[in-house]
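# Survey of secondary and tertiary structure
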Amino acid sequence: MREIYFDNAATTRVRPEVIELMDRVMGEDYGNPSARHIIGMKAENHIRTAAQQIAASLKVKPGEIVFNSGGTEGNNTAVIGTFLARKGYGKHIISTNIEHAAVYKPLEFLQDMGCDITIIGTDSKGHIDKEGLIAAIRPDTILVSAMWVNNEIGAVEDIPEIGRLIKEKNSRTYFHTDAIQAFGKLTLRPREANVDMLTVSSHKFHGPKGAGFMYINEKAHVSPVIFGGGQQKDRRSGTENVPGIAGTGLAAELYRREHDEIIGRMLRIKNRLTDRLNAMDGVYVNSERGELSAPHIVSASFEGVRAEVLLHALEEKGIYVSSGSACSSNHPAISGTLKAIGVRKDLLDSTLRFSFGIYNNEEEADIAADCITELLPVLRRFRRY
């Protein structure tokens, strides 16, 4: 049976070139990068190279890249680290109602610690209420955190404009963006966008799991949340995951070289699948087309069919999709994003996410659409009232 993997927003297959590099680092350049002998220096060189590769993708300085275990750690560092470093200036933080749990859970923690949290809403397409956000900024606002691309419906936020407005209202307010679904899919220039902190996870762009990085502007003061030996200039202690870092750097470099080709292919797949879904009765596509939506995500609601039922029916045909954020799969609940954009109550538990990577093509979109067309009438017969 042919496998069609349309769950790349959850995780991606690691590129062969990345696997080869990581294998070499683990087997040959295995030294501790803090060691002063030649084997340690070889390991350190991999970290330096990866920082340069990532910095080239973002047009920032290599010294502004901090490696970590991935997006969850990065988002926790941005939110909690800012609070710890800047609570003398204020205890007010602003975020949105479509953020990933790796942002809103730390915010809940800080709220219990006495932090004042303001949550901003979105429109029906998942775009942040910019006027409401800017109006909420106060003299004691220390941080605004807003994701660049929503992980469930693919909505692209106008981060450069939001960054400009934030700094105009309060130049001392830091701006953090969760760019986990944006890196490699959009052209990201955090400095130009007035972004002080940006978080990325390697396994979303065909790199290894358990690895990621932050961009932290050299002028931003963010306290570490992991303490120990003082690695990475005291910004994140712990012996660096050199194979993961090397793989992350190479995956970022390959995406940078092939960006236009990759994005063009993803857009063709997205448009093909979106057209097919829009032509089906009782199917509602939640993702936009064009620049206001990411090229690799399609969210669709299927009237009269539970998401989990359709997901497993597609799985039996070798097609793998998601019913929401994979990071929340151990704690199933109705999507806050779908509620935020006003999806009908009866469709909240009938929504699937299709997401694409470098190994997908348009033919797979047609095969998936054909299978859905075949399955829907059958599954709707067993609809529970």
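Just above, that's the structure.
Residues numbered from 1 in each chain as written. Predicted model: local features only at pLDDT ≥ 70, side-chain atom pairs only at ≥ 80, totals over all residues. Heavy atoms only, no water.

## So, the overall build of the chain
For the chain, the helix and strand inventory stands at 11 helices and 12 strands. Taken over the C-alpha trace, the chain has a radius of gyration of 21 Å; the compact-globule value for 385 residues is 21 Å, and the two agree within 12%. Along the first, second and third principal axes, the C-alpha atoms of the chain reach 65 × 50 × 35 Å. Counting across all 385 residues of the chain, residues that qualify as buried make up 58%. Of the contacts formed within the chain by residues at least 6 apart in sequence, a portion of 75% connects residues at least 24 apart. Only carbon and sulfur atoms are counted for the fraction: they give 51% of the accessible area of the chain, which is about 16,800 Å². Averaging the coordinates of the 47 positive side-chain charges in the chain and doing the same for the 49 negative ones gives two points 3 Å apart. (Helix = DSSP H or I, 4+ residues; strand = E, 2+ residues; numbered from the N terminus. Rg over C-alpha atoms; globule rule 2.2 N^0.38 Å. Buried < 20%, exposed > 50% of the residue type's maximum accessible area, 1.4 Å probe, protein only. Contact = heavy atoms within 4.5 Å. Areas by Shrake-Rupley, 256 points an atom, 1.4 Å probe, with all protein chains shown as cover. Lys, Arg positive; Asp, Glu negative; His and termini not counted. Charge placed at Lys NZ, Arg CZ, Asp CG, Glu CD.)

## With respect to a nonpolar patch on the surface
Together, L84, V225 and I226 make up an exposed nonpolar region whose accessible area comes to about 190 Å². Given the relative accessible area of 33%, V225 is considered partly exposed. (Patch = residues over 30% accessible without salt bridge, like charges linked within 9 Å, V, L, I, M, F, W, Y side chains within 5 Å. Salt bridge = Lys/Arg side-chain N within 4 Å of Asp/Glu carboxyl O.)

## Observations regarding the side chain of S57
As for its position among the elements, S57 is in helix α2 (residues 38-58). On the basis of relative accessibility, which here comes to 13%, the residue S57 falls in the buried class. Not counting residues up to four positions away in its chain, the partners in contact with S57 are F183, L188, R189, A252 and R256.

## A look at the nonpolar core
One broad trend across soluble globular proteins is that nonpolar side chains are buried collectively. L58, I65 and L133 are the most contacted members of the largest nonpolar core, which has 55 residues in total. Looking at this core, the element that brings in the most residues is helix α7 (residues 242-257), giving eight residues. Excluding residues that lie within four positions of it along the chain, L133 makes contacts with I94, I120, I128, V144, I162 and I166. I4, M280, V285 and L310 belong to the second largest nonpolar core, which has 30 residues in total. (Core = buried A, V, L, I, M, F, W, Y, C linked by side-chain atoms within 4.5 Å.)

## Some points on the packing of α7 against helix α8 (residues 259-278)
It is at 4 Å that the axes of α7 and α8 come closest, and there the two elements cross at 75 degrees. Taken together, the axes of α7 and α8 lie roughly perpendicular to each other. Along the contact surface, α7 presents Y255, R256 and R257, while α8 presents H259, I262 and M266. Residue composition of the contact of α7 with α8, grouped by class: three nonpolar, one polar and two charged. (Axes fitted to C-alpha atoms, helices over the stretch in contact; angles between N-to-C directions. Parallel < 35°, antiparallel > 145°, perpendicular 65-115°, else oblique. Nonpolar A, V, L, I, M, F, W, Y, C, P; charged D, E, K, R; others polar.)

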